[in-house]
Amino acid sequence: MRSRLVGPVAVALVAVAALGGCPAATPPAATVMAARPSPTSPPAVTAPPLRLPRLFVPTQYALRLAVDPARADLTGAVAIDGTIAAATSVIWLHGEGLTIAAAHATRGGADVALTVIPHAPDVLELRAARLLEPGAWTVQLDYTAPLDVIGTTGAFKQTVAGAAYVYTQLEAVYARRVVPCVDEPDSKVPWQLTLDVPTALVAVSNTPVAREAPLAPGTRRVEFAPTPPLPSYLVAFAVGPFEIVDAGRSGGGTPVRVIALAGRRADAGHAAATAPRILDLAEAWFGTPYPYAKLDLLAIPLTVGFGAMENAGLVTFQETLVLVGDGGSQQRKLWWSTVAAHEIAHQWFGNLVTMAFWDDIWLNEGFANWLEGKLVAEFAPAWHPPDETLTTRNAALDADALVSARRVRQPIVTADDIAGVFDSITYDKGASVLAMFESYLGPDVFQRGVRAYLAARAWGNATSSDFVRALGAAAGQDLAPAFATFLDQPGAPELTAELVCGGAPAVRLTQRHHVPPGAPAPVVTRPWTIPVCVAYERAGARAEACTLLATPTATLPLDAARCPRWLLPNARGRGYYRLAYTTPQIVALRDEAWPLLTQDERRVLMFDVAQGARTGGVALPLALSLAPRLIAAGDRFSVEDALALPGELQAFVPAAQRERYEGWLRGLAGPAARAAGLVPAATDTLDLEVSRERLIGLVGGAGRDPALRTQAVALAQGWRALPPSIRGTVLRLAADADAGVFAQLLREVATEPDRVRREELFEALGGVRDPGRLAQALALLLDPAIDARESIALLGSLPDDATHTQAQAFVRTHARALLARLPTDGTIDSGTSLGTLFAVPCRAEVRADVAAVLRQLFGALRGSGRALAQQLEEMDQCIARRQVLEPALRGWLAGLKLPRP
């Protein structure tokens, strides 16, 4: 599941959703309208705290639902075939927010009434008046379930242009809001779904339609073919006035369709043209046929907390991902291809073989994050998506820098822990660990291990140990100890590499737990077992040497006649570790080795040197000296890495030196920004398209380049005609630079029909520095005519300390009103959200007050413990960075010689 939204929407939405000084709203536990306990019922029992006891083991489900998007709820009847292993009077199921009308168990001619006793928040006790003997039974329940109109979990309803739709999102633990069931991933059985729907509407589910028949006037029954074994979280359906776009068949014969919103058939063309090819590439990589009878790609108008979901045979996508249209930017087409590859990869890794429980969700998400780049690299090699592997690694290392970060294979102790596993540690660290071990083993060996794993576990469940064992068998070595050091402990190693040249040249490698200034003392970790490859100079050329570092210190011999002039201890950039460099090492890599380094190695160097500058281990001017070299490379990855540290510095620049900083920024990136230009050309590459956005956004925004801002204001007069690739950037610059443009956008945002354009407008309105204008933008959050799930995007664009402070005050004042308009369940990612609003600015003098506010507002929320600890640690680390960077910036800027304007 793509549970992390792209862009600032996710950051801001979850921030406000958690506020209000009260616990997040949750659907009520199941209520009972029949089968109440008799006076002779046995005494109450304690509900299981996390996992259900398997007194009753389902073997298949038959679910019939009446689904009408015009209604506020759905009615259902489920028959669960299963086995009782030992005589019992109690059956446990999951159920949340359901109203149970009747329940009974049948076996042969026996029909035993069941009393349904709800246990908060989501467990149902089904108690029989007599013992149910061992053997096969069918449990039947009639019930109703509400349709959510604010959130996007369980069964939910959305209305677009007067047309209503019903969708489902059942991962992770939301199937229980739609049907009483054993809602755990290792309960993997066939499902047969029947939907009674209005005749004029389209109904889709995981499998093809088996038969249809009319019911009462205006209603028909749609019966779908039984599914292969599925866990409850992969079951899905949707009902609405959809337009179906036939995408043909894959090379293996699988029918592919795009299920578009009403009136959006034309926008589905790009997805329809590309999805079969991506499916073919996945099928070829896995070496086994696509597991399901069809592949439908379904558009959801708006999602919260996820961008796409890999339901077997019915993959759902946020509308803006799948309805790209032929006129979409190259970047949007890249996003579509990447997300489609991710979700299609899940059809094998996650669906065909499912993790046994949520502590191993990284097997799903980390693997799909890793494989998506391989598939897109074959689909569109000109986009060079393998370079994204390093971006993913860097994001994971940043998340792992928190001492309070969780481990990849985090034990699930409470139900709240499940919501916390869909984070960068699962997605990005999981993918990065896989990339490192693939590099170590070789692609062919790695792929052979994956294929063996899938073949052995098809249609069932598996654990990390099963997966690692399969890789080890393919490699002919035991990989479990090495994998365990990355999966079963938090944090990341930091290496130092010292050349030893008294005799035969060698490099002494030393590892330690990377702990940034401001972080608390970590829990003691054992040494990582790290595949390490070093690149070094040999006779004026490049050479490499590799080892498996399993001890705190080890020596790696180098094949060289004399001491190398330079050394880069992360060849190809695939190692999941940080590096601490000395000044001579950095200078040698910059001035001598640079032409012999790959672009990924240059980016790795920038990443580690920038971190050294943040912690005081590397002089700031030395770190910044690498930025022009990366900008000159021109590819989007290098440009983004080059601008990261310069852009970050704006938060620490003393107010008196702001103009000097802006002048330096314009000198650093201005030439490249002007060369890219504000107006794209038809011949632009993806790299130029993305780099233009980054360069102009920084130079025109943080650098306040007068010429760029003036041009942006002029272009904004006819903003709807702008190319999509630059439209959002132009609007952000123009709204901040010109009150007239801001007023125009403020008037137009409520009536703009296109969702992508609306998002760009909200981001532009939230990016203004003028307090009066920002107050008008913030008022949109309470405007009843505007969907707050969209307007909340403006909180992700706040440009500086002052605007964050103003937004904090607004949110705290109106928290309850905002909370009523926003989803609060399944979306609270406090580690991100709280930082957006309350840890900016990160200053020591406000730390105690911020901590008190966070505890007051969030302390009562379920699962808030880890999130609060992480947010406060992030703030403490930021305060420590400020203590390093402010004086360094002050001295450097004071002595800076700037060109005359």
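1. Observations concerning empty space enclosed by the protein
- For the structure on display, the rule yields 2 cavities of 30 Å³ or more.
- Roughly 50 Å³ of internal volume is contained in the largest cavity.
- Forming the boundary of the largest cavity are Leu63, Leu170, Ala175, Val178, Val179, Trp191, Ser232, Val235 and Phe237.
- In the lining of the largest cavity, the residues fall into 8 nonpolar, 1 polar and no charged.
- The computed volume of the second largest cavity comes to approximately 40 Å³.
- What lines the second largest cavity is simply Trp191, Gln192, Leu193, Ser205, Asn206, Thr207, Phe224, Ala225, Thr227 and Val235.

2. Considering the sheet that holds strand 25 (residues 530–538)
- Taken in spatial order, the 3 strands of this open sheet run 26-25-28, and their pairing is antiparallel. Each end of this open sheet is capped by a strand with a single partner; those strands are strand 26 (541–549) and strand 28 (567–568).
- Here strand 25 runs beside strand 26; their pairing, made up of 9 bridges, is antiparallel. From the neighbouring strand, arginine 538 faces strand 26, where its bridge partner is alanine 541.

3. Topic: the pairing of strand 16 (residues 243–249)
- Sheet topology note: the strand 16/strand 17 (residues 255–260) ladder contains 5 bridges and is antiparallel. Looking at the pairing, isoleucine 244 lines up with isoleucine 259 of strand 17.
- Between strand 16 and the antiparallel strand that follows it, strand 17, lie 5 residues; glycine 253 among them carries a positive phi value of about 95 degrees.

4. Side note on the packing of aromatic side chains
- A full pass over the atoms with the stated rule returns 29 aromatic pairs.
- Consider the rings of phenylalanine 437 and phenylalanine 486, whose centres lie 6.3 Å apart with planes at 85 degrees: the pair is edge-to-face. Here phenylalanine 437 is found in helix 8 (residues 424–441), whereas its partner phenylalanine 486 is found in helix 11 (residues 480–487), with 49 residues between them in sequence. There is no split in this pair, since phenylalanine 437 and phenylalanine 486 are both buried.
- Between the NZ or CZ atom of arginine 51 and the centre of the ring of phenylalanine 357, over which it lies, the distance is 4.0 Å.

5. As for the pattern of salt bridges
- Evaluation of the coordinates by the stated rule reveals 67 salt bridges.
- Across the salt bridge formed by arginine 264 and glutamate 319, the nearest N and O atoms sit 2.9 Å from each other. With a gap of 55 residues between them, arginine 264 in the loop between strand 17 and helix 2 (269–286) and glutamate 319 in helix 3 (residues 319–322) connect regions that are remote in the sequence. In this structure, arginine 264 and glutamate 319 share a single accessibility class: buried.
- Residues aspartate 705 and arginine 674 are paired through a salt bridge, measuring 3.6 Å at the closest nitrogen-oxygen approach. Of the two residues, aspartate 705 sits in the loop between helix 18 (686–702) and helix 19 (706–716) while arginine 674 sits in helix 17 (residues 658–676), which places them 31 residues apart along the sequence.
- Residue classification places aspartate 705 among the buried positions, given a relative accessible area of 6%.
- The class for arginine 674 is partly exposed, based on a relative accessible area of 48%.

6. Points about the packing of helix 16 (residues 636–648) against helix 17
- Across the interface, helix 16 lies against helix 17 with an axial gap of 11 Å and an inter-helix angle of 175 degrees. One element, helix 16, and the other, helix 17, form an angle in the roughly antiparallel class. Counting all contacts with helix 16, which are made through Leu643, Pro646 and Gly647, the residues of helix 17 involved are Tyr661, Trp664, Leu665, Leu668 and Ala669.
- Of the residues belonging to the contact of helix 16 with helix 17, the class tally is 7 nonpolar, 1 polar and no charged.

7. Re the packing of helix 19 against helix 20 (residues 724–737)
- Contact pair helix 19 / helix 20: the axes reach a minimum separation of 8 Å and the direction vectors enclose 105 degrees. With respect to helix 20, the element helix 19 is oriented roughly perpendicular. Along its contact with helix 19, which presents Arg709, Ala712, Val713, Leu715 and Ala716, the element helix 20 presents Val730, Leu731, Leu733, Ala734, Asp736 and Ala737.
- Split by residue class, the contact of helix 19 with helix 20 holds 9 nonpolar, no polar and 2 charged.

8. Re the nonpolar core
- Core analysis: the biggest nonpolar cluster contains 284 residues, and Leu65, Leu195, Trp358, Val450, Phe467, Phe483 and Leu795 have the highest contact counts within it.
- If sequence neighbours within four positions are ignored, leucine 195 has contacts with Leu65, Val67, Ala203, Arg220, Arg221, Val222, Phe224, Phe237 and Val239.

9. Observations regarding the confidence of the model for the chain
- Summary statistics for the chain give a mean pLDDT of 91 and a share of 93% for residues scoring 70 or more.
- Below pLDDT 50 for its whole length, residues 2–30 participates in 106 contacts with residues either more than four positions away or in separate chains.
- The low-confidence segment residues 32–40, where pLDDT is below 50, has 14 contacts with residues more than four positions distant or belonging to other chains.

10. Concerning the side chain of asparagine 311
- Relative to the assigned elements, asparagine 311 resides in the loop between strand 19 (308–309) and strand 20 (314–318).
- The buried category is assigned to asparagine 311, whose relative accessible area is 0%.
- Every residue in contact with asparagine 311, bar those within four places of it in the chain, is listed here: Asn206, Tyr233, Leu234, Val235, Ala236, Thr316, Gln347 and Asn351.

11. Some details on the layout of surface pockets
- Estimates place the volume of the second largest pocket at around 500 Å³.
- Counting residues per element, the ones that place at least two in the lining of the second largest pocket are strand 9 (154–160), strand 10 (163–169), helix 22 (755–766) and helix 24 (788–791).
- With 4 residues, strand 9 is the single largest residue contributor to the lining of the second largest pocket.
- Of the residues assigned to the lining of the second largest pocket, the class counts are 15 nonpolar, 2 polar and 10 charged.

12. A closer look at the sheet that holds strand 29 (residues 578–579)
- Strand order across the open sheet formed by 4 strands is 27-24-23-29, with mixed pairing between neighbours. Two strands lie at the open edges of the sheet, namely strand 27 (553–557) and strand 29, each paired on one side alone.
- In the sheet, strand 23 (residues 493–500) pairs with strand 29 via 2 bridges, with the strands oriented parallel. Note that in strand 29 the partner of leucine 495 across the bridge is leucine 579.

13. Thoughts on the environment of alanine 474
- By the element assignment, alanine 474 lies in helix 10 (residues 464–475).
- For the pair alanine 474 and valine 116, spaced 358 residues apart in the sequence, the C-alpha separation amounts to 50 Å.
- Once you skip the residues sitting within four places of it in the chain, alanine 474 turns out to touch Val445, Arg448 and Gly449.

14. Focus: helix 2
- If you check helix 2, its first and last C-alpha atoms are 27 Å apart, about what 18 residues at 1.5 Å a residue would give, namely 26 Å.
- Helix geometry: helix 2 is bent most strongly at alanine 275, by close to 30 degrees, with proline proline 276 lying one to four residues after it.
- For helix 2, the tally of buried residues reaches 13 of 18 residues, placing the bulk of the element in the interior.
- Two residues or fewer past helix 2, glycine 287 is found with a positive phi of approximately 70 degrees.

15. Some details on unusual backbone geometry
- Geometrically, the link from alanine 120 to proline 121 is a cis peptide bond, its omega value of -5 degrees lying close to zero.
- Here proline 121 lies in the loop between strand 6 (110–119) and strand 7 (123–132).
- With an omega of 5 degrees, the peptide bond between glutamate 171 and alanine 172 qualifies as cis.
- Mapped onto the fold, alanine 172 is located in the loop between strand 10 and strand 11 (191–198).
- Positive phi, normally seen in glycine, also occurs at tryptophan 459, with a value near 70 degrees.
- Tracing the backbone through its elements, the reader meets tryptophan 459 in the loop between helix 9 (443–457) and strand 22 (461–462).

16. A few points about the state of the cysteines
- All told, the structure shown has 3 disulfides when counted by the stated rule.
- For cysteine 533, the disulfide goes to cysteine 546, at an S-S distance of 2.0 Å. Given an S-S torsion of about 110 degrees, the disulfide between cysteine 533 and cysteine 546 has right-handed geometry. Taken together, the positions of cysteine 533 in strand 25 and cysteine 546 in strand 26 put the pair 13 residues apart, joining distant regions of the chain.
- Among the residues examined, cysteine 546 registers a relative accessible area of 46% and is labelled partly exposed.
- Each sulfur of the disulfide joining cysteine 842 and cysteine 878 lies 1.8 Å from the other.

Criteria and thresholds
Residues numbered from 1 in each chain as written. Predicted model: local features only at pLDDT ≥ 70, side-chain atom pairs only at ≥ 80, totals over all residues. Heavy atoms only, no water. 1 Å grid on protein atoms, 1.4 Å probe; cavity = no way out; pocket = protein on both sides within 12 Å on 5 of 7 lines; lining within 4 Å. Points joined across faces, edges and corners; volume = space filled by probe spheres on them. Nonpolar A, V, L, I, M, F, W, Y, C, P; charged D, E, K, R; others polar. Pairing = 2+ DSSP bridges. Helix = DSSP H or I, 4+ residues; strand = E, 2+ residues; numbered from the N terminus. Phe/Tyr/Trp six-rings, centres within 6.5 Å; stacked < 30°, edge-to-face > 60°. Buried < 20%, exposed > 50% of the residue type's maximum accessible area, 1.4 Å probe, protein only. Lys NZ or Arg CZ within 6 Å of the ring centre and 35° of its normal. Salt bridge = Lys/Arg side-chain N within 4 Å of Asp/Glu carboxyl O. Axes fitted to C-alpha atoms, helices over the stretch in contact; angles between N-to-C directions. Parallel < 35°, antiparallel > 145°, perpendicular 65-115°, else oblique. Contact = heavy atoms within 4.5 Å. Core = buried A, V, L, I, M, F, W, Y, C linked by side-chain atoms within 4.5 Å. pLDDT = per-residue confidence, 0-100. Expected span 1.5 Å × (residues − 1). Bend = angle between axes of the 7 residues up to and from the residue. Disulfide = S-S within 2.5 Å.

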